[in-house]
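Observations on the model geometry
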Amino acid sequence: MKISILTLFPNMFDGFLNESIIKRAISKGKVQIEIINFRDYSTSNNNQVDDTPYGGGAGMVLMCQPIFDCIESIKTDESLVVMLTPDGKKYNQTIAKEFLNIKHLILLCGHYEGFDERIKSIVDMQVSIGDYILTGGELPAMVISDSVIRLIDGVINKDSLLSESFEDNLYDYPVYTKPSNFRGLEVPDVLLSGDHKKINEWRIEKRINKTKYLNKE
Ligand code: ADE
């Protein structure tokens with residue numbers, strides 16, 4: 001799988017690409033990530049990428065030309081172009097699994113007041129990571145990349161994926177590690193019992209209860 005991230009702030013991705021599971025996935029060849037500064041595609045003398053809105057109003061609007069040229073030069077038949085915007089479709093684990101099947105994901109990060117509306121005509125999908133406004137699409141691009149990359153075969157332990165939150169529409173069960181008593185806070189007896197049937201039943205019950213409780217809040 002290849003992910004191309006189109007941004008005006010490539011340095012924001014340095015930490016994301018160079019730590020932990022994402023770094024390992026890249027070095028194992030599980031995913032290829034390219035960060036493209038779409039300012040490089042501007043044909044204006046001063047590499048302009050934004051301008052004031054027609055009709056007046058606050059802020060700057062991302063222009064069509066650099067983004068159209070950038071997308072047109074990297075897009076293939078296997079690409080899905082995703083615009084990151086607060087008014088897009090709400091991202092979730094189901095969409096993460098759909099993106100896993102895409103050979104080439106192009107994530108377009110906005111900034112400032114937003115995109116010229118006509119840019120929407122060359123994207124396949126508009127996605128939001130939640131009902132709040134961020135300063136740009138870079139964090140959403142990292143959120144989406146991270147959630148998809150960890151699903152790629154061989155990136156993390158398969159067992160971890162089986163029982164995690166949102167599988168079977170349930171949250172994950174609570175987990176504990178040593179010591180069994182920390183400052184009087186005890187690990188539930190059942191987990192120390194060695195009885196795997198009971199442990200499984202306990203975990204299922206916890207997943208159901210947690211889901212009911214969290215969905216009530
Ligand atoms: N850009 C700014 N806020 C955003 C959000 N919540 N989701 C996706 N892109 C964004």
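It should be noted that the structure appears before, not after, this text.
Per chain, residues are indexed from 1 in the order of the written sequence. Under the rules for a predicted model, residues below a pLDDT of 70 receive no local features and side-chain atom pairs below 80 are neither given nor counted, while totals for whole chains, interfaces and linings still include all residues. Note: side-chain values were computed over all heavy atoms of the structure, leaving out hydrogens and water.

What follows is about the site of the ligand. Near, as used in this document, describes a residue that has one of its heavy atoms within 4 Å of the molecule or strand being considered. In the vicinity of the ligand, the contacting residues are Leu 84, Thr 85, Pro 86, Val 127, Ser 128, Ile 129, Gly 130, Tyr 132, Ile 133, Leu 134, Gly 136 and Pro 140. Polar contacts here mean pairs of N or O atoms no more than 3.5 Å apart (in protein, one a potential hydrogen donor and the other a potential acceptor; neighbouring residues in sequence count only if both atoms are side-chain atoms). The separation between a nitrogen atom of the ligand and a polar main-chain atom of Gly 130 is 3.2 Å. In the model, a nitrogen atom of the ligand is placed 2.8 Å from a nitrogen or oxygen of the Tyr 132 main chain. In isolation the ligand exposes 260 Å². Once the protein is present, 96% of that is buried. Where the shell around the ligand is concerned, the elements lending two or more residues are β5 (79-90) and β8 (125-128). The accessible surface values rely on the Shrake-Rupley method and a 1.4 Å probe; as for residues, cover is taken only from the protein chains in view. Here a helix means four or more residues in a row that DSSP labels H or I, a strand means two or more in a row labelled E, and each is numbered from the N terminus.

As a further point, take the side chain of Ser 147. With respect to the helices, strands and loops of the structure, Ser 147 is situated in helix α5 (residues 138-149). Engagement of the side chain of Ser 147 in a polar contact is seen with the side chain of Tyr 91, the distance being 2.7 Å. Reaching out from Ser 147, the side chain makes a polar contact with the backbone oxygen of Ile 144 at a distance of 2.9 Å. In this view, Ser 147 contacts Tyr 91 and Ala 96; residues no more than four positions away in its chain are not counted. Residues count as neighbours in contact if any of their non-hydrogen atoms are within 4.5 Å of one another.

So yeah, pure geometry; function would need other evidence.
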